[in-house]
Each structure stands twice: as C-alpha cells, then as structure tokens.
Amino acid sequence: MATTNSPKLPSSMRAQFLDSFNTPYDLRSVPLPTLSSPHDILIKVEAASYCHTDAVLSAGQMQPNPRQLPHIGCHEFSGTIVALPDDSSSGFTIGDRVGVPGRAFHPCGTCYECASGPTLTDPDADLPGYSVNCPKSKNNGIDGPGGFREYAVVDSRQITPVPDSLSSVDTAVLMCAGVTIYNALKRCGVQPGQRVGIIGCGGGLGHLGLQFGTRMGLKVLGVDNADAPLDLAKKLETGARIVDARVENADDLAVEIGKEDGKEERGDMGLDAVIILPESQKAFDYGMGLLRNHGRCVLVSFPERGFHISSRDIVFRDISIVGSLVGSNKTLREMLLFTAEHNVRAVVKTFPLSRLNDLVTEYHKGEGGKLAVDMSLPD
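Thresholds, definitions, all that
Residues numbered from 1 in each chain as written. Predicted model: local features only at pLDDT ≥ 70, side-chain atom pairs only at ≥ 80, totals over all residues. Heavy atoms only, no water. Pairing = 2+ DSSP bridges. Helix = DSSP H or I, 4+ residues; strand = E, 2+ residues; numbered from the N terminus. Axes fitted to C-alpha atoms, helices over the stretch in contact; angles between N-to-C directions. Contact = heavy atoms within 4.5 Å. Salt bridge = Lys/Arg side-chain N within 4 Å of Asp/Glu carboxyl O. Buried < 20%, exposed > 50% of the residue type's maximum accessible area, 1.4 Å probe, protein only. Patch = residues over 30% accessible without salt bridge, like charges linked within 9 Å, V, L, I, M, F, W, Y side chains within 5 Å. Areas by Shrake-Rupley, 256 points an atom, 1.4 Å probe, with all protein chains shown as cover. Right-handed = clockwise from strand over helix to strand, strands pointing away. Phe/Tyr/Trp six-rings, centres within 6.5 Å; stacked < 30°, edge-to-face > 60°.

With that settled, consider the sheet that holds strand β11 (residues 271-276). Taking strand neighbours across the sheet as the criterion, the six strands line up as β10-β9-β8-β11-β12-β13 in an open arrangement whose pairing is parallel. If you trace the sheet from one side to the other, it starts and ends with β10 (241-244) and β13 (320-323), each paired once. Within the sheet, the average angular offset between the axes of one strand and its neighbour, ignoring direction, is 20 degrees. Along the sheet, helix α5 (residues 204-215) makes contact with β8 (195-199), β9 (219-224) and β10, crossing β9 at roughly 170 degrees.

Turning to the pattern of salt bridges, a few remarks are in order. Two side chains that carry opposite charge are able to pair once their charged atoms sit near each other. Enumeration according to the criterion identifies 23 salt bridges in this entry. Here Asp 19 makes a salt bridge to Arg 28, at a shortest N to O gap of 2.9 Å. A residue is classified by how much of its surface remains accessible, and Arg 28, at 28% relative accessible area, is partly exposed. Here Lys 186 and Glu 334 are joined by a salt bridge, their closest N and O atoms 3.0 Å apart. Here Lys 186 is found in helix α4 (residues 174-187), whereas its partner Glu 334 is found in helix α10 (residues 329-342), with 148 residues between them in sequence. The class for Lys 186 is partly exposed, based on a relative accessible area of 31%. Here the salt bridges share partners, and the residues they tie into one network are Asp 124, Lys 186, Lys 330 and Glu 334.

Looking now at unusual backbone geometry. Residue Pro 64 is bonded to the preceding Gln 63 through a cis peptide linkage, with omega at 20 degrees. The omega angle of the peptide bond from Asn 65 to Pro 66 is -5 degrees, so this bond is cis rather than trans. In this structure, Pro 66 sits in the loop between α1 (52-58) and β4 (76-83). Not every positive phi belongs to a glycine, and Asn 22 is a case in point at roughly 60 degrees. Looking at the element boundaries, Asn 22 is found in the loop between β1 (12-17) and β2 (26-31). Judged by its relative accessible area of 62%, Asn 22 is exposed. Phi angles above zero are rare outside glycine, and Asp 318 is one such case at about 55 degrees. Inspection of the secondary structure assignment puts Asp 318 in the loop between α9 (311-315) and β13.

The next point concerns a nonpolar patch on the surface. On the surface, a nonpolar cluster with roughly 390 Å² of combined accessible area is contributed by Ile 309, Ile 314, Val 315 and Phe 316. Mapped onto the fold, Ile 309 is located in the loop between β12 (291-299) and α9. The exposure class assigned to Ile 309 is partly exposed, which follows from its relative accessible area of 35%.

Moving on: the pairing of β8. With respect to burial, β8 is a largely interior element, five of its five residues being buried. Neither face of β8 is exposed, since Arg 195, Gly 197 and Ile 199 on one face and Val 196 and Ile 198 on the opposite face are all buried. Where β8 meets β9, five bridges bridge the pair, whose relative direction is parallel. Across the sheet, residue Ile 198 finds its bridge partner in β9, namely Gly 222. Read as a crossover between parallel neighbours, the route from β8 over α5 to β9 is right-handed. In the sheet, β8 pairs with β11 via four bridges, with the strands oriented parallel. If you follow Val 196 over to β11, its bridge partner there is Ala 273.

A word on the packing of aromatic side chains. Applying the stated criterion across every chain, the model contains seven aromatic pairs. Pairing Tyr 50 with Phe 148 gives two aromatic rings, centres 6.5 Å apart and planes at 20 degrees, and the pair type is stacked. With Tyr 50 in strand β3 (residues 40-50) and Phe 148 in the loop between α2 (112-116) and β6 (151-155), this residue pair connects regions lying 98 residues apart in the sequence. Each member of the pair Tyr 50 and Phe 148 is classed as buried.

Spatial relationships are all this shows, so hold off on functional conclusions.
Have a look at this one:
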C-alpha cells in the first residue's frame, strides 16, 4: 500500500516489451506495478539507457535470462519517487530524484555475499545485509522488469540519490556504464601518475573511462579501431592519448611509452594496467601487448566463447588478470558524486519511449557514446 501523501497516479502506463528473441520491442499499455516490500519504492521513470547487455539479452545470448517472455528491458535508469509503502524502511521521501542500477533487487540479506561486508581486500563492499552480488536477488531489466516503462518498482537499497547538477539522462547512462568503468579503474590498483589503457575507448563505457581516468590523475591511453569511436574519443579532449589500433602496433607503443618513462629494460616498458571492453580476441591480445611485466589486465567484456590466454604472459611476465562486474552501492554513490564534482558527462543521443526500436537500430551502427530513452521527449 502506498503512503497517503503519494501524488495521484494513473491506473496504467506504457511499456516496451520484448515478446521473443531477435524481434522488435512492442509498445503497449499495462497496469502500474505494485509495492510488495518495505524496501520497495515506486518511481516515475524519466530516462532509461540502452546497454550492450540489452542487445545480448534480446538476442537470447544470456540464458536463462530473461526468466520469462514478454520482458521489459533496461538495467540503468533514473526517475523521481512517487510512492512509498506505509512501512517503508528507506530514508528516501516522495519527490526525491534517484538513479537505478540493475543489481540487486530484493537480495536475501543472509547469504555469504550479503553477510560478508567490507574486507581488507574489498573495502568498497556494502555493509552486511545487502550485496549487489547476492545470488538470490533479481536484477532489474535482466531477470526482472527494467526501465523501459513509465513507472517502475525498485529496491531502496540499490538506488542512489542524484546530485542537483545531473539531469535524469546524465544519471541514467551512469547506472551501468558509469559504475562499471569506474569500478574497473579502481580494480586496476593504480595510483595517480601511473599508466592505464582503455581498449574500446570510444564506446559507452570507454569514453566515460577516459574522463574518469584522467580526472583521477592517471596517464590514460585510449585504443579503438573504428573511425566514429576514435573521433568521439578525441573530441572529448581529456588529455588522454588516443590510438588507432589499425595503425599503431602494441609492442611498438609499449617500447615508446617505456622510453618516455626513462625505462631501459623491455620488461619494464608499457602500461601498469589495461581494461578490456570489446568482446574481441584481437582487442584482448592488443591490451596484453601493452602491459609491462607485473601489470594487470581487467576484463569487463564476456564473449560467448571466452578469451584465449597465453600461459607465458601469466607465468613469465607475471601478468595478473581479474574481472570486474559493476560495483557496490557504495561505489555507485561515490561514482555519481565524482561525476558531479569533476564534470564527467556521457555523450548521449536520446529517443522517446515510442522510438526504442529506432534507438536499437542506431546502436548497431557502432558509432560510440551512449543511447537513452528520454521520457520527456514527444512521440
């Protein structure tokens, strides 16, 4: 039951449904979702961002997700709170602007992930009782309904307040892409002044990574292999060096960087860490080739057939490989405050909800940046 000071709400809303894999979304009217837990919050969705995962999911390549069809996608969105349950356990109020990631909706609160809390090796984990990694939770837009609709029920423990300087569209595109690349940069384990490479620097995550990395004080090398993403990355003017992988060789670059840093031994030449964003073996190999000995490779992409990894890189060069998947609610909030303070902004092209299929067509052109539904746009 909603609180009595809730604004008057409509009885129905519009939502975009995926009825079967590899088919266009279908826009239709359905009843508003209902609150079922003290942790629930009803928001009026104001912006909903499209992610690579939406494309993979809609193609049937993330099974067993979605758990059922029809399905409402989108796991990064934002909006305004319009209703709370009478027994609400959150500190939020009606009218608050919030950002919503996919993870984790209704976690159990008692499993090993939820109970662990921050540790010396994972200081950014959330406090005991909640974890974005809870295996029993649902994920908005993945195995539960997401943000491609006018109203959504979200979990108060998964969301973040929105700084006044960020618009709804600014916020939505950061709820997956932003926190994912921000967390990946933290997983690199580097300090200001050290060198980091971002492979796929002109895409949705990559162009945000260029901004986050340079504003963290890192020496950033951005790599891509297509004209449009490279142009986008260069136009950001972050101070990062942007490299066309079709033209420059990874080994030559590593040597060049080493000489700039005054290194003499080949094994000491190259980057301290690299983040792999594309689902491409060539991209992975290029990134590994940029690393100095004892460097770290952070994997964000998850190609269906995996990556081939050279044992020689692991054994003889002592390269460490780690994965990075989104970030805790603590990291999400930290990222959003960092974004507001350092004026990080995604390059976004927006569409009304009714034109979601046009947005998908635009996505497959691969021109970089982010694409989002802006609910304020007319049909």
